[in-house]
Protein chains: 4
Amino acid sequence: MEFKYSKEPFDRISEEKKNRILHSAITEFADNGFDSANINKIAKKADVSVGSMYKYFTNKKDLYLTVVDFSVKKLRTVLNDIINSQDDFFSTIEKIIKAIQLYSRSDEALTKLYNEMTTENNYELVWKIASDMEGITANLYASIIKKAQNDGIVRKDIDSKYSAFFLDNLFVLLQFSYSCEYYKKRLKMFIDENVFDNDDLVAKELLKFIKGALC
Amino acid sequence: MEFKYSKEPFDRISEEKKNRILHSAITEFADNGFDSANINKIAKKADVSVGSMYKYFTNKKDLYLTVVDFSVKKLRTVLNDIINSQDDFFSTIEKIIKAIQLYSRSDEALTKLYNEMTTENNYELVWKIASDMEGITANLYASIIKKAQNDGIVRKDIDSKYSAFFLDNLFVLLQFSYSCEYYKKRLKMFIDENVFDNDDLVAKELLKFIKGALC
Amino acid sequence: MEFKYSKEPFDRISEEKKNRILHSAITEFADNGFDSANINKIAKKADVSVGSMYKYFTNKKDLYLTVVDFSVKKLRTVLNDIINSQDDFFSTIEKIIKAIQLYSRSDEALTKLYNEMTTENNYELVWKIASDMEGITANLYASIIKKAQNDGIVRKDIDSKYSAFFLDNLFVLLQFSYSCEYYKKRLKMFIDENVFDNDDLVAKELLKFIKGALC
Amino acid sequence: MEFKYSKEPFDRISEEKKNRILHSAITEFADNGFDSANINKIAKKADVSVGSMYKYFTNKKDLYLTVVDFSVKKLRTVLNDIINSQDDFFSTIEKIIKAIQLYSRSDEALTKLYNEMTTENNYELVWKIASDMEGITANLYASIIKKAQNDGIVRKDIDSKYSAFFLDNLFVLLQFSYSCEYYKKRLKMFIDENVFDNDDLVAKELLKFIKGALC
DNA sequence: CATGAATGAGGATTCATTCAT
DNA sequence: TATGAATGAATCCTCATTCAT
């Protein structure tokens, strides 16, 4: 499904300006949530006038939805690329884990926004945008699990849908644990202060956990 | 650690009034987040004057922290009770899953608040309160896993800390999936529209997933 | 003229309690002005319940007026005592100066209140109370000056009323300069940092100034 | 010392608008004091939105300080101009008296504000601004007195600093007596109801008083 | 008569949105 | 089309006053 919450003039500005605006908005919304986010600050940080912001977006909500849509699409792209590379099942899982570790670090704000987004506030509008991605993710996982079952890599007595759900749950919380301050602290508490210095160990343990669960 | 963000007079009012206020506040904060929550509305819903609210709490933030502290303590209590009942490992896990399903339904708002709380906004203050609970949870899980390893129920080649972390991740997202609108929809998308009519199946599948991962 | 801004029950409480209330109120009004003064704080400082305060005084304004009336009467008493002691003119003037120096130090709050009182806020009610004192002061000064003229101590070509006015102006600002923070700093700026260590010099110079003006 | 309590945008608006705001604020603060002054009323009286007020000034306090700074500077200017006109000593004194009479009538609010400012409330902030003016005043008076002593116009046995102080006290209270309601009534009480119809007489008597004191 | 918890109107401040240039 | 000054509704918080005990 295609959504468009920006106005005509937004399509006509340079990619560079678009990115400045999106980036500025993502950060502000990720750090402050929808209500506390300040459009005037977003405009200033993006070096754009408030007036222009209202030429590009009808109101705060539409800017938010544009930003959510953008973020969600970006998250989906990464996943799609990995799955489409047609590796064997556990290589794919491993790639996803590594991608989460890498990506959550470089684009923290996007994951923060995703966490913020799941909050009750305005969730109905947000869901309209995100349902698409969640649906695709659900199907992708279920289908590669099913394929792995057919290939004899994953055991047959488990339900592919439920496994997909639990798998994604592990991934979502891994993402948060690498991006959001609260979950970062929580991870340190579960393992130790230096856990972020050893991504490979985390990846290895999670892979082991998942392998056990599915084989 | 003990925290107290309420003022003296709050201790002196009837339990019933206290509950009215806490409940009203939890709901408002859970649904709107810290910034959009409206103290005047909280007061009205609790049938208390704004003036009184400020007799009980120094300001909005302290009301929020009181509510967070209350919620976090309540969540911890449930878990503690289950673990202290000294069942065998997988009975304990099963009980926890069932408790999450039951509890997340009856006290939706508390879990919503927990989700809302992990957001970047004000996380520093919140962490002071929650770190306690997260630490206890981390240790509890790690120690029952270790015990289960010694008892030969859980395999020896896994790390108890990491397993505890992944286990809790599965539980946290299960909680959210039974309480928060966004995650509820997501769960339906992964399984199907009627997933909430069959708690036992969800529990069974999750238990199977965990058993596989740990044995 | 006699005023009464307190209610019946205030007359019946012990002198000690009355003083506690008046003292607490004078300080609060002197330090914060009418509007910022906080009745609840006044009550607490006086160790009296707010409820009682409203048994004693109809409202904040009446408490203020009671306090103003009390302060003004006390100021008048000091002056009256000195003038009635029937010394010669310049001994009287000297005694007044010394009294101001002494009194303004021990009862700072009363003078602060007097300064605060002359502010536009509520001046009409205040004037009703203070006019009495100001009138008496005006007459007292004018009459002792006139007497001093008749006695040949003060020169004949000056107007007793105007002299009384200028004399009192010097006294009022001396009072403020010994009580109110702003005027204290100002005095230090005119003379030097240690001016308050040498009351006799200040007194001597002022007396010299006045003698010159009137003889 | 230079102070700036207004924000950038305030510098950019028209002189006319600036004056409207300053005038409205001076009046409101002079009449009600800092605490009771109502920013919304100031804005309305100045025909400016509240929002704009907060674009121009960080908060109520800064608006107050801007207004105090403005008033104090204006008062100083008048005095400086007179003293710099290089008349002989008593012509200068006479000019000052006449200026006070004239100026206090046309700009009542400024003097009211000065009186209000000396009150305990917020005096620390205010003093930072006013100390400059008071210091300059103190030095100016002391130096013209000293010069007059050298010129043989003022007698040598008096201290120039103390004389400057007493002189300024007489002037300050004259100012108040021409501007502030309380002090106006007081002046009428000392002289008579019609005292304000005969400025020349007041000036003459005060000059006589001062001449006596200093010669 | 004494108490002090409860009330709620009032005011400072913020920020999404508009509109004249 | 771009700008950013201006707007004013909305909300946190204080405190004079009331009243049940």
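If you're wondering where the values come from, they're calculated on a predicted model, not measured in any experiment. (Residues numbered from 1 in each chain as written. Chains lettered and ligands numbered in written order. Predicted model: local features only at pLDDT ≥ 70, side-chain atom pairs only at ≥ 80, totals over all residues.)

S.K.: Any chance you could explain the interface of chain C and chain D here in plain terms?
M.R.: How large an interface is tends to be reported as the accessible area lost when its parts come together. Tallying the contact residues gives 48 residues for chain C and 48 residues for chain D. Sorting the residues of the side of chain C that touches chain D by element identifies helix H2 (15-36), helix H7 (108-117), helix H8 (123-150), helix H9 (160-179), helix H10 (181-190) and helix H11 (199-214) of chain C as the ones contributing at least two each. With 10 residues, H9(C) is the largest single contributor of residues to the side of chain C that touches chain D. For the side of chain C that touches chain D, the residue count by class is 23 nonpolar, 12 polar and 13 charged. (Contact = placed C-beta atoms within 7 Å. Helix = DSSP H or I, 4+ residues; strand = E, 2+ residues; numbered from the N terminus. Nonpolar A, V, L, I, M, F, W, Y, C, P; charged D, E, K, R; others polar.)

S.K.: Is there a simple way to explain the protein's contact with DNA strand F in this structure?
M.R.: Close contacts around DNA strand F come from 34 residues, with Gly51(A), Asn59(B), Asn59(C), Ser49(D) and Gly51(D) the closest. Where the surface near DNA strand F is concerned, the elements lending two or more residues are helix H4 (50-56) of chain A, helix H3 (39-45) and helix H4 (50-56) of chain B, helix H3 (39-45) and helix H4 (50-56) of chain C together with helix H4 (50-56) of chain D. For the surface near DNA strand F, the per-class residue count stands at 16 nonpolar, 14 polar and four charged. (Near = placed C-beta within 6 Å.)

S.K.: When you look at the interface of chain B and chain A in this model, what are you seeing that I'm missing?
M.R.: Listed as interface residues are 48 residues of chain B and, on the opposing side, 48 residues of chain A. Elements supplying a minimum of two residues to the side of chain B that touches chain A: helix H2 (15-36), helix H7 (108-117), helix H8 (123-150), helix H9 (160-179), helix H10 (181-190) and helix H11 (199-214) of chain B. Broken down by element, the residue count for the side of chain B that touches chain A peaks at 10 residues, all from H9(B). For the side of chain B that touches chain A, the per-class residue count stands at 23 nonpolar, 12 polar and 13 charged.

S.K.: How should the arrangement of the chains be read in this particular structure?
M.R.: Spatially, chain A and chain D are disjoint, and the shortest separation between their C-alpha atoms is 13 Å. Spatially, chain B is disjoint from chain D: no contact exists, and the shortest C-alpha separation is 20 Å.

S.K.: So what exactly am I meant to see when it comes to the relation of the copies chain C and chain D here?
M.R.: One copy of the chain maps onto the second through a rotation around an axis plus a translation along that axis. Rotating chain C by 179° and moving it 0.0 Å along the rotation axis overlays it on chain D with an RMSD of 0.2 Å. With respect to symmetry, the two chain copies, as superposed, fit the operation of a two-fold axis. Among all residues of chain C, the one whose C-alpha sits closest to the rotation axis is Ala213(C), at a distance of 2.0 Å. Of the residues that chain C buries at the interface, 100% are likewise interface residues in chain D, meaning the two copies contact each other through the same surface. (Least-squares fit on C-alpha atoms with pLDDT ≥ 70 in both.)

S.K.: Mind showing me how you'd approach the relation of the copies chain B and chain A here?
M.R.: Mapping chain B onto chain A leaves a residual RMSD of 0.2 Å; the transformation is a rotation of 179° accompanied by 0.0 Å of translation along its axis. Both copies contact each other with a shared surface, as 100% of the interface residues of chain B are interface residues in chain A too.

S.K.: Would you take a moment to explain the packing of H2(B) against helix H5 (residues 60-84) of chain B for this structure?
M.R.: Two packed helices can be described by the angle between their axes and the distance between those axes. All names here are of chain B. Remark: H2 packs on H5, axes separated minimally by 10 Å, with the N-to-C direction vectors making an angle of 105°. When the axis of H2 is compared with that of H5, the two are roughly perpendicular. Taking contact as the criterion, the partners of Leu22, Ala25, Ile26, Phe29 and Phe34 in H2 are, on H5, Leu63, Tyr64, Val67, Phe70 and Ser71. Broken down by class, the residue content of the contact of H2 with H5 amounts to nine nonpolar, one polar and no charged. (Axes fitted to C-alpha atoms, helices over the stretch in contact; angles between N-to-C directions. Parallel < 35°, antiparallel > 145°, perpendicular 65-115°, else oblique.)

S.K.: How do you make sense of the protein's contact with DNA strand E when you look at a structure like this?
M.R.: Taken together, 35 residues form the shell around DNA strand E, and within it Asn59(A), Ser49(B), Gly51(B), Gly51(C) and Asn59(D) come nearest. When residues of the surface near DNA strand E are traced back to their parent elements, those giving at least two are helix H3 (39-45) and H4 of chain A, H4 of chain B, helix H1 (8-12) and H4 of chain C together with helix H3 (39-45) and H4 of chain D.

S.K.: Before we go on, may I ask you to explain the environment of Asn150(C) in this structure?
M.R.: With respect to the element layout, Asn150(C) can be found in helix H8. Remark: the alpha-carbon pair of Asn150(C) and Phe10(C), spanning 140 residues in sequence, is separated by 47 Å.

S.K.: Help me out: how do you make sense of helix H8 (residues 123-150) of chain D in this one?
M.R.: Helix length check: H8(D) (28 residues) gives 38 Å between terminal C-alpha atoms against 40 Å at 1.5 Å per residue, within 8%. At Ile129(D), H8(D) shows its largest bend, some 45°. The complete set of buried residues in H8(D) reads Val126(D), Ile129(D), Ala130(D), Glu134(D), Thr137(D), Ala138(D), Tyr141(D), Ala142(D), Ile144(D), Ile145(D) and Ala148(D). Where H8(D) is buried, its residues touch H10 of chain C together with helix H5 (60-84), helix H6 (89-106), helix H7 (108-117) and helix H9 (160-179) of chain D. At the exit of H8(D) stands Gly152(D), carrying a positive phi of roughly 80°. (Expected span 1.5 Å × (residues − 1). Bend = angle between axes of the 7 residues up to and from the residue. Buried ≥ 20, exposed ≤ 12 C-beta atoms within 10 Å, placed from the backbone.)

S.K.: Can you walk me through the confidence of the model for chain A in this structure?
M.R.: Within chain A, residue pLDDT values average 93, and 100% of them lie at 70 or more. Across chain A, helix H9 (residues 160-179) of chain A holds the top mean pLDDT of 97, while helix H5 (residues 60-84) of chain A sits lowest at 90. (pLDDT = per-residue confidence, 0-100.)

S.K.: Explain the environment of Glu16(B) to me, please; I cannot follow it from the model alone.
M.R.: Residue and element names in this part refer to chain B. Here Glu16 lies in helix H2. With 8 C-beta atoms counted inside 10 Å, the residue Glu16 sits in the exposed group. Taking the C-alpha atoms as reference points, Glu16 and Tyr182, separated by 166 residues in sequence, lie 32 Å from one another.

S.K.: Could you clarify how one ought to interpret unusual backbone geometry in this entry?
M.R.: It is generally the case that most residues other than glycine have a negative phi and that most peptide bonds are trans. All names here are of chain C. The phi dihedral of Asp47 is positive, around 55°, even though this residue is not glycine. Along the polypeptide, Asp47 turns up in the loop between H3 and H4. For Asp47, a count of 10 C-beta atoms within 10 Å gives the class exposed. Notably, Gln86 is not glycine yet its phi reads approximately 60°, a positive angle. With respect to the helices and strands, the residue Gln86 is situated in the loop between helix H5 (60-84) and helix H6 (89-106). Overall, Gln86 belongs to the exposed group, with 7 C-beta atoms counted inside 10 Å.

S.K.: For this particular structure, what's the right way to read the packing of helix H6 (residues 89-106) of chain A against H9(A)?
M.R.: Residue and element names in this part refer to chain A. Following both chains from N to C, one finds H6 and H9 inclined at 30°, their axes separated by 8 Å at the closest point. The angle between the axes of H6 and H9 places the two elements in the roughly parallel class. Crossing of H6 over H9 shows right-handed handedness. Taking contact as the criterion, the partners of Ile96, Ile97, Ile100, Gln101, Ser104 and Arg105 in H6 are, on H9, Phe171, Leu174, Gln175, Tyr178 and Ser179. For the contact of H6 with H9, a count of residues per class yields six nonpolar, four polar and one charged. (Left-handed = near helix turned anticlockwise from the far one by under 90°.)

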